[in-house]
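Report on the structure
So the chains spell out like this:
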Amino acid sequence: MRRFAIVLAAVAVVGVSPAKGQSDDVNRLVAAVLGDTPMVRELEELTDHIGGRPTGSPANLRAVDWALARFKAAGVDAKKEGFQMPALWLERSATATVRGQGVSFAPRVAALPFSTATPKAGLTAPLVDAGHGEEADFQRLGAKSKGAFVLVETDELKDLDGLFREYNESAKIESRAIAAGVAGLVYMSSRPSNVLARHNASLGPQNRHPMMMMERDGAARALRLLRNGTALTLTAGLDIQGGPAYESYNVIGEIRGSTKPDEIVLIGAHLDSWDLGTGALDNGANAMMVLDIARQIRRLGLKPVRTIRFALWNGEEQGLNGSFGYTLTHAAEMDKHVMASSYDIGTGRITGFFTGGRAELLPILDRALGPVQGLGPFTQVNVPIVGTDNYDFMMRGVPNLVANQESANYGPNYHARSDEFDKADLRQLRLNAAIAAAVTWGFATMNLAVPHQTAQQIDSLVKNTDLADQMKAFNVYDAWATGKRGLRP
Ligand SMILES: [Zn+2]
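Described in the following lines is the structure provided in the data block. (Residues numbered from 1 in each chain as written. Predicted model: local features only at pLDDT ≥ 70, side-chain atom pairs only at ≥ 80, totals over all residues. Heavy atoms only, no water.)

This next bit is on the overall build of the protein. Of regular secondary structure, the protein possesses 16 helices and 17 strands. Taking 2.2 N^0.38 as the reference for a compact globule, 489 residues should give roughly 23 Å; the C-alpha atoms of the protein span a radius of gyration of 23 Å, in line with that estimate. A principal-axis box enclosing the C-alpha atoms of the protein has dimensions of 75 × 45 × 40 Å. Buried positions account for 62% of the 489 residues belonging to the protein. Partitioning the intrachain contacts of the protein with sequence separation of at least 6 by distance along the chain shows that 83% fall at a separation of at least 24. Carbon and sulfur atoms make up 51% of the accessible area of the protein, which amounts to about 18200 Å² in all. Put simply, the protein has 51 plus and 52 minus side-chain charges, and the middle of one group is 2 Å from the middle of the other. (Helix = DSSP H or I, 4+ residues; strand = E, 2+ residues; numbered from the N terminus. Rg over C-alpha atoms; globule rule 2.2 N^0.38 Å. Buried < 20%, exposed > 50% of the residue type's maximum accessible area, 1.4 Å probe, protein only. Contact = heavy atoms within 4.5 Å. Areas by Shrake-Rupley, 256 points an atom, 1.4 Å probe, with all protein chains shown as cover. Lys, Arg positive; Asp, Glu negative; His and termini not counted. Charge placed at Lys NZ, Arg CZ, Asp CG, Glu CD.)

What follows is the structure, encoded as structure tokens:
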């Protein structure tokens with residue numbers, strides 16, 4: 001999701017009206033989701049009552065059962081579907097103390113996903129200034145980084161571009177740090193003052209090091225001291241609940257198609273979140289949007305031509321595991337999936353869709369967006385992207401869409417303590433629901449045929465775009481390259 005790729009591939013789109021006969025249904029659906037539905041109340045319940053819901057936690061299981069009950073209360077057929085999580089990882093607590101000659105302070109820290117635990121009494125090691133974690137920084141440190149906690153300075157995260165820069169850089173920073181033999185990796189928080197976030201750790205469950213994020217103010221103080229010549233140590237106490245592979249659950253709702261019930265159009269958003277905040281922007285808002293669209297179609301008694309599946313994914317934050325599990329469980333009907341869409345960028349305005357390098361989707365999207373063109377303009381970005389639940393559909397050759405959204409306040413609150421209900425733009429969320437409803441309904445009713453991609457085509461997509469780099473940043477490249485995930489030639 002590099003900026004240059006987006007600029008080069010952007011294709012301006014002008015909406016057109018839907019085919020006659022569909023327009024009444026889609027207009028009724030759009031009007032319904034724009035009305036006073038339970039969506040906002042449900043988002044408040046999911047975030048304020050159930051709270052942060054990392055996969056593997058009791059709150060996550062509560063969220064699954066609650067969401068299933070909401071589908072059923074709406075009269076939508078729904079079920080829990082099990083899938084395998086590769087490992088259990090939850091933070092119990094995280095503390096840190098920085099000490100030097102005449103200096104002692106305890107900045108707030110959060111363990112990064114898949115950080116190892118420290119011994120109960122904490123792990124003490126020299127704290128060294130690793131600049132921005134560049135190759136040159138590690139060369140400058142030389143042997144000093146061996147056995148030390150390396151403190152990596154960050155830029156403040158303002159927007160989506162900054163977020164994807166963090167993802168791309170962190171994989172490289174981690175491999176440099178590991179090659180240098182560090183005791184652990186400490187990122188300065190990229191959020192203001194003492195706001196923490198649980199992000200990044202690119203190696204997933206294979207990680208063998210303690211990794212944490214330190215509040216920005218505390219990390220800045222440590223860096224000033226180090227740069228003024230004060231030697232420091234860090235004592236970190238990371239208490240992690242780990243465990244082997246286990247079963248988690250997606251919640252899958254379904255409204256059967258009237259004349260092509262074996263063809264499936266899927267709309268999904270992940271229900272799990274991280275747990276410093278309560279996951280309102282990432283991704284409670286879009287999960288509640290998916291649920292509400294199902295509810296309104298059912299309430300209006302609308303009959304789609306194709307079957308619509310409403311997926312509330314789980315395990316997304318820990319490796320896109322729920323949607324991966326779905327593609328395994330439903331492997332026999334993957335060819336029947338006409339389109340799979342993902343919504344996962346908070347509540348900024350939907351500006352169009354990432355269409356994964358498939359030009360044939362563009363005219364279909366134009367038509368589907370026709371009834372909501374007043375909420376545009378819409379610009380499709382025809383590049384493949386990694387980072388949410390479209391991934392395993394893309395790597396299985398299924399036509400897939402990811403809603404592209406204005407950054408709004410998504411970046412600063414990403415995986416952060418501050419991702420709470422009051423950050424959601426409730427008005428824009430309703431407008432986005434109208435857009436998502438129109439696109440879903442369009443694909444579920446229009447005459448269309450989008451061929452699935454072959455293993456060869458997927459391979460050339462990996463080779464001819466920046467897909468491989470993105471896959472590495474999200475720790476999913478090796479699984480594809482070794483034939484464990486997605487199609488290989
Ligand atoms: Zn997300």
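What follows is about the packing of aromatic side chains. Following the criterion strictly, the structure yields 11 aromatic pairs and no others. On the basis of an interplanar angle of 75° and a centroid distance of 5.3 Å, the ring pair of Trp313 and Tyr326 is categorised as edge-to-face. A residue pair is termed long-range when its members are at least 10 positions apart, and Trp313 in strand E13 (residues 306-313) and Tyr326 in helix H9 (residues 321-329) qualify at 13 residues. The exposure class of Trp313 is buried, given its relative accessible area of 0%. (Phe/Tyr/Trp six-rings, centres within 6.5 Å; stacked < 30°, edge-to-face > 60°.)

Let us look at the coordination of the zinc ion. Note on the zinc ion: its protein donors are His270 (NE2), Asp282 (OD), Asp344 (OD) and Asp344 (OD). The metal-donor distances range over 1.9 to 2.7 Å. Angles of 53 to 148° at the metal separate the 4 donor atoms of the zinc ion, which places the site in the irregular class. Using a relative accessible area of 0% as the deciding quantity, one classes His270 as buried. For Asp282, a relative accessible area of 3% corresponds to the buried category. (Donors = N, O, S within 2.8 Å, 3.2 Å for Na, K, Ca; no water. Tetrahedral: all angles 85-135°; square planar, octahedral: opposite > 155°, others 65-115°.)

Our next topic: the packing of helix H3 (residues 39-50) against helix H8 (residues 280-300). H8 packs onto H3 with a crossing angle of 140° between their chain directions and a minimal axis gap of 9 Å. In terms of orientation, H3 lies oblique with respect to H8. Seen along the crossing, H3 lies across H8 with a hand that is right-handed. Contact residues: Met39, Glu42, Leu43, Leu46 and Thr47 in H3; Ala280, Gly284, Ala285, Met288, Met289, Leu291, Asp292 and Arg295 in H8. A class-by-class count of the residues in the contact of H3 with H8 yields 8 nonpolar, 2 polar and 3 charged. (Axes fitted to C-alpha atoms, helices over the stretch in contact; angles between N-to-C directions. Parallel < 35°, antiparallel > 145°, perpendicular 65-115°, else oblique. Left-handed = near helix turned anticlockwise from the far one by under 90°. Nonpolar A, V, L, I, M, F, W, Y, C, P; charged D, E, K, R; others polar.)

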